[in-house]
Amino acid sequence: MATVTGTMGGVLPRPSIHTTGFWSWVTTVDHKRIGVLYGVTAFTFFLIGGIEALAVRAQLARPEQGMLQPALYNQLFTMHALTMIFLSVMPLGVAFFNIVVPLQIGARDVAFPRLNALSYWLFLFGGILLNAGWLFGGSPDVGWFAYSNLTGTDYSMGAGMNYYVTGLQVLGVASVAGALNFIVTIVNMRAPGMSMMRLPVFTWMTLIVSILLVTAMPVISIALIELTFDRLFGTNFFNPALGGDPILWQHLFWVFGHPEVYILILPAMGIVSEVLPTFARKPLFGYAFVIYSGIVIGFMGWGVWAHHMFITGLGPVANAVFALSTMLIAIPTAVKIFNWIGTLWGGQIEMKTPVYFSIGFVAVFIVGGLSGVSHAATPSDFQQSDTYYIVAHLHYVLFGGAIFGLFSGIYYWFPKVTGRMMGETLGKWHFWLMFIGMNLTFGPMHWLGLNGMPRRIYTYPSGMGWDFWNLVATISSYLIAISMLIFLHNVFRSLRKGPRAGNDPWNARTLEWSIPSPPPVYNFAEIPVVLARDAYWEQKYGSGHENGQAHAATSEHVSEGQYGAAADERHDIHMPWPSYWPLITAFGLFVVFAGLLVNVVFAALGVLILFYGVYGWALEPVAE
Amino acid sequence: MRHTNTGHTQGAHATPKQYVQVAVILSIITALEVAVYYIPSMKAALVPILLVLSTVKFAMVVMFFMHLKSDHKLFSIFFTGPLVLTIVVILALMTLFGALFTS
Amino acid sequence: MHASTTAHPAEHDTSTGLDNRKLLMWAFLGSDCLFFGSLISTYMIYRGRSLTPPFPGEVFDIPYTSVSAFVLLMSSLTMVLALAALQRDDQRGAKTWIMATALLGSVFVGGQVYEFTTFVHEGLTLSVNLFGTSFFVLTGFHGTHVTIGVIILLSLFIMAWRGKLTSHNSLNLEIAGLYWHFVDIVWIVIFTLVYLLPYPEHIAG
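Residues numbered from 1 in each chain as written. Chains lettered and ligands numbered in written order. Predicted model: local features only at pLDDT ≥ 70, side-chain atom pairs only at ≥ 80, totals over all residues. Heavy atoms only, no water.

> An account of the domain arrangement of chain B is needed here, citing residue identities and associated values.
A common way to state how big an interface is: give the accessible area lost once the parts meet. Residues and elements named next belong to chain B. Segmenting chain B into domains produces domain 1 (13–70) and domain 2 (72–103). Just the C-alpha atoms count here: the centres of domain 1 and domain 2 sit 20 Å apart. With four residues of domain 1 at the interface, the matching set in domain 2 holds five residues. The tally of links between domain 1 and domain 2 comes to zero salt bridges. (Domains from an automatic or database assignment. Contact = heavy atoms within 4.5 Å. Salt bridge = Lys/Arg side-chain N within 4 Å of Asp/Glu carboxyl O.)

> Give me the lowdown on the environment of Met196(A), citing residues and values where you can.
All names here are of chain A. Inspection of the secondary structure puts Met196 in the loop between helix H5 (160–188) and helix H6 (201–233). Residue classification places Met196 among the partly exposed residues on the basis of a relative accessible area of 26%. Here the alpha-carbon distance between Met196 and Ile105, two residues 91 residues apart in the chain, equals 10.0 Å. Here Met196 is in contact with Arg190, Trp204, Leu207 and Tyr287, once residues within four sequence places are set aside. (Helix = DSSP H or I, 4+ residues; strand = E, 2+ residues; numbered from the N terminus. Buried < 20%, exposed > 50% of the residue type's maximum accessible area, 1.4 Å probe, protein only.)

> Talk me through the packing of aromatic side chains; I want residue IDs and the actual numbers.
For the coordinates displayed, the defined rule picks out 88 aromatic pairs over all chains. Relative to Phe182(A), the ring of Phe97(A) has its centre 5.8 Å away and its plane inclined at 70 degrees; by these criteria the two rings are edge-to-face. Within this pair, whereas Phe97(A) is found in helix H3 (residues 70–104), its partner Phe182(A) is found in helix H5, the two being separated by 85 residues in sequence. Residue Phe97(A) is classed as buried on the basis of its relative accessible area, which comes to 3%. By relative accessible area, Phe182(A) is classed as buried at 2%. Their ring planes at 90 degrees and their centres at 5.1 Å tell us that Tyr37(B) and Tyr38(B) sit as a pair that is edge-to-face. Between the NZ or CZ atom of Arg509(A) and the centre of the ring of Trp537(A), over which it lies, the distance is 4.2 Å. One Lys or Arg, Arg47(C), reaches over the ring of Tyr199(C) and ends 3.8 Å from the middle of that ring. (Phe/Tyr/Trp six-rings, centres within 6.5 Å; stacked < 30°, edge-to-face > 60°. Lys NZ or Arg CZ within 6 Å of the ring centre and 35° of its normal.)

> Help me get a handle on a nonpolar patch on the surface, residues and values and all.
On the surface, Leu72(A), Trp134(A), Leu135(A) and Phe136(A) cluster together to form a nonpolar patch covering roughly 430 Å² of accessible area. The exposure class of Phe136(A) is exposed, given its relative accessible area of 54%. (Patch = residues over 30% accessible without salt bridge, like charges linked within 9 Å, V, L, I, M, F, W, Y side chains within 5 Å. Areas by Shrake-Rupley, 256 points an atom, 1.4 Å probe, with all protein chains shown as cover.)

> Got a sec to walk through the interface of chain C and chain B? Specific residues and values, please.
The interface of chain C with chain B comprises 58 residues on the first partner and 49 residues on the second. Buried area between chain C and chain B, both sides added, is near 4,900 Å², and the carbon and sulfur share of it is 76%. Its largest share of buried area at the contact with chain B, chain C owes to Leu18(C), Trp26(C) and Leu196(C), together 13% of the area lost on that side. Lys22(C) is the salt-bridge partner of Asp71(B), the closest N and O atoms lying 2.6 Å from each other. Between the two partners, chain C and chain B, sit three residue pairs in polar contact (both at pLDDT 80 or more). Mapped by element, the contributors of at least two residues to the side of chain C that touches chain B are helix H1 (20–46), helix H3 (62–87) and helix H6 (171–196) of chain C. At 14 residues, H6(C) tops the list of elements feeding residues into the side of chain C that touches chain B. (Buried area = accessible area lost by both parts, 1.4 Å probe. Polar contact = N/O pair within 3.5 Å; in protein donor to acceptor, adjacent residues only side chain to side chain.)

> Got a sec to walk through the interface of chain A and chain C? Specific residues and values, please.
Between chain A and chain C, the contact holds 50 residues from the first and 41 residues from the second. Interface area for chain A against chain C, summed over the two sides, is near 4,000 Å², with a carbon-plus-sulfur share of 68%. Run the count over chain A and chain C and you get zero salt bridges. Inspection of the chain A/chain C interface yields 14 residue pairs in polar contact (both at pLDDT 80 or more). Of all elements in the fold, only helix H4 (113–131), H5, H6, helix H7 (246–280) and helix H18 (600–619) of chain A reach the threshold of two or more residues within the side of chain A that touches chain C. Of all the elements, H6(A) adds the most residues to the side of chain A that touches chain C, at ten residues. Taken together, the residues of the side of chain A that touches chain C break down into 33 nonpolar, ten polar and seven charged. (Nonpolar A, V, L, I, M, F, W, Y, C, P; charged D, E, K, R; others polar.)

> Tell me what's going on with the pattern of salt bridges, and back it up with residues and numbers.
Residues and elements named next belong to chain A. Evaluation of the coordinates by the stated rule reveals eleven salt bridges over all chains. For Glu620, the salt bridge is made with Arg114, and the minimal N-O distance between the two is 2.6 Å. Here Glu620, found in the segment after H18, pairs with Arg114, found in helix H4; they are 506 residues apart in sequence, far enough to count as distant. For Glu620, a relative accessible area of 5% translates into the label buried. The shortest N-O distance in the salt bridge between Glu350 and Arg281 comes to 2.5 Å. With a gap of 69 residues between them, Glu350 in the loop between helix H9 (316–344) and helix H10 (353–374) and Arg281 in the loop between H7 and helix H8 (287–300) connect regions that are remote in the sequence.

> Give a description of the packing of helix H2 (residues 31–60) of chain A against H4(A) that names residues and reports values.
Residue and element names in this part refer to chain A. H4 packs onto H2 with a crossing angle of 15 degrees between their chain directions and a minimal axis gap of 10 Å. Classified by the angle between their axes, H2 and H4 sit roughly parallel to one another. As H2 packs across H4, the resulting crossing turns out to be left-handed. Along its contact with H2, which presents His31, Ile34, Leu37, Tyr38, Thr41, Ala42, Phe45 and Glu52, the element H4 presents Pro113, Asn116, Ala117, Ser119, Tyr120, Phe123, Leu124, Gly127, Ile128 and Asn131. (Axes fitted to C-alpha atoms, helices over the stretch in contact; angles between N-to-C directions. Parallel < 35°, antiparallel > 145°, perpendicular 65-115°, else oblique. Left-handed = near helix turned anticlockwise from the far one by under 90°.)

Here it is, written out as structure tokens:
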């Protein structure tokens, strides 16, 4: 198998290796390029989801406004949530998995490069399918958790829910395929000496998130399949008339949905755990605690789902059990907070933009975490359910938490990916506008919610005491929008004019900084041998020089001598060839699900394309 | 530079004869399951007996036909972790719906 | 140490010494546990809650399904015999046992198609009641898994027939076997939980 040469022999010839141009991106299997594709696509969806949110806020700026049609309003808030969760935060995390993890573990690529490309294409097609309703027959409009039996054909007659069930299904396949790949990569592709307890924290969090994805995604897949069958084939899973139980949807949804919450936040926690030690010039305080608390969070995340469902009347025993487990899960989360603060404590903190976002993350996440604990208690949750208090909480953890963490990662790894530094001044403008805008948008929602304002309402009468804070929230949301424009300006400006980054602009600790920026296709000319945790720091300074000043001069020497000199041996580094098949296979699956909504004939055609893709994939010669 | 150990050479695999023996035991258990189903006097103990018998079958296929008994420990972890999680989720959901002791 | 003489990253020396693809299959099977686990949860929650006939006791043919279960169980034996044959380079034996496994799998799927057809004739359809809904979707998805397994086995048979499946790449067959056995153990669970455990209606009538 290893000896096949030449490009012919498969159904299609393998595409030749081009390093530039459209087709080089379409057929790429390089994890760094796939990461960039993920990042750019997810950020585009992030902007779309943001525009949807701005429209929602505009409608709510004043009482009794009729700026948007109610039907459109419902679609906008539903699609805002779906877009932000499934098309922005999750894939932005995956973008970092792709770009960072193979570099951090000293690998040349992921374990299955073509499977990795398949994940990306499925994500793109899933995103398109989920958004297809804007052009064809209306988008989902029942809230992102789509409670049954509002979602049945009796109450959701339009096409919107069809895009929901099929789009999310395709996205789920993409997530599971990607997560399986990263589990095998992290377990099996580590450089010599990179034991599990020497793995960088971001890689550890990737592993935990991948395990959560692989186990939680099938649950929502089944829930979606059941709803698809109910809608398209007349089954009775959620039909009370024949004994079906709409509450089952809620359980299946949240059995997936709560691990999903940790799928969204753990990558950001991993990023912060990389950024803070780098800029505090100290190793992460309590590495093992951060890892184990991550594992405990991932594990306990499975035992708290029904706290989303207290008002369905689970009974006192179930309420008590889920309230307790929810309060307990705050402990490992708080452990991490203490670790981050401990890392900063006594450090020589260099206040670069990534640190602003990481500290912003810690600060805002504490607020979101505390409001979360406040609805762990069942009686107070009865009061808060379905109010703006919940909206405030979830945005503090997902926007203030996940998004701040992800931006910290963007500023931190941008030089590695592009070879250029991002503007610091613009970065700090971005941070402060976003930080202030975010707190003034979502902070007042706590009071609105406790004052009784229900979430998802189209408008509200004046004189409820909600007018002022709604206006504040709306104005502030546009502050966030301005901060995003500054960020985009910074990105485009830095791509052209940013100062050259060099291998290691931050004097960082992990292996991705030991190689050039942007990294060569093969990443490491020679696979590094890892001697300690914070592998690159150890290479630069040896142990015992924690503050990084003692042998600063050695840095250059090591990076040249250890990793640069072997580059002329690159002729015998064989990288996987680009391939058409991931795209064809993904397209086949897309046609299966999209076809299901049009005509079974199209779905059958999709199955044929899928088979063609899988067989072409399997028969593709290993062309090295 | 072939890897010396691809995982499937771990431990001594059973011989075809032993595979047939396992299959014979599996067949006997299946016959027992169906027999128990038809014996009226077994009705009271039917549920625990059936659950135990099918668990034994499940475990035998996994251990001997899928070689988990002799294979690398990591494969067992990859499989039993989610398996245990699955069982817990099923039991928890059945409890929440009051379906655990009625069927 | 250059990992350059091998062709594919999946064939590099790995950190654990275990093959990437085999690890991937086990991780996938772990994931598939949750997939079937959610379907089984749904079935068990709705078990005995169907409001209108036909009820399980009226349509199930236990002797018939027992034979089906036995056929699938035996296909696990032929599967493992195929692998054993291939690993000792017995090409002929491997081809025979792979084909036998694919045939037994096809018999199982054929039996399921016949069973479904009979049920529909007796009035149990996908949409007629809660039992039909949860039964057909659970067993149907299992049948789909078996069908995919048969297609994989036939592909491997063609590979073996052309002399491209040998003891050197027996891992292909081993990984397909893991999938096959998994499908078998899912049926072991379904056979007990869906068919054999008593239903309230079944006892009543």
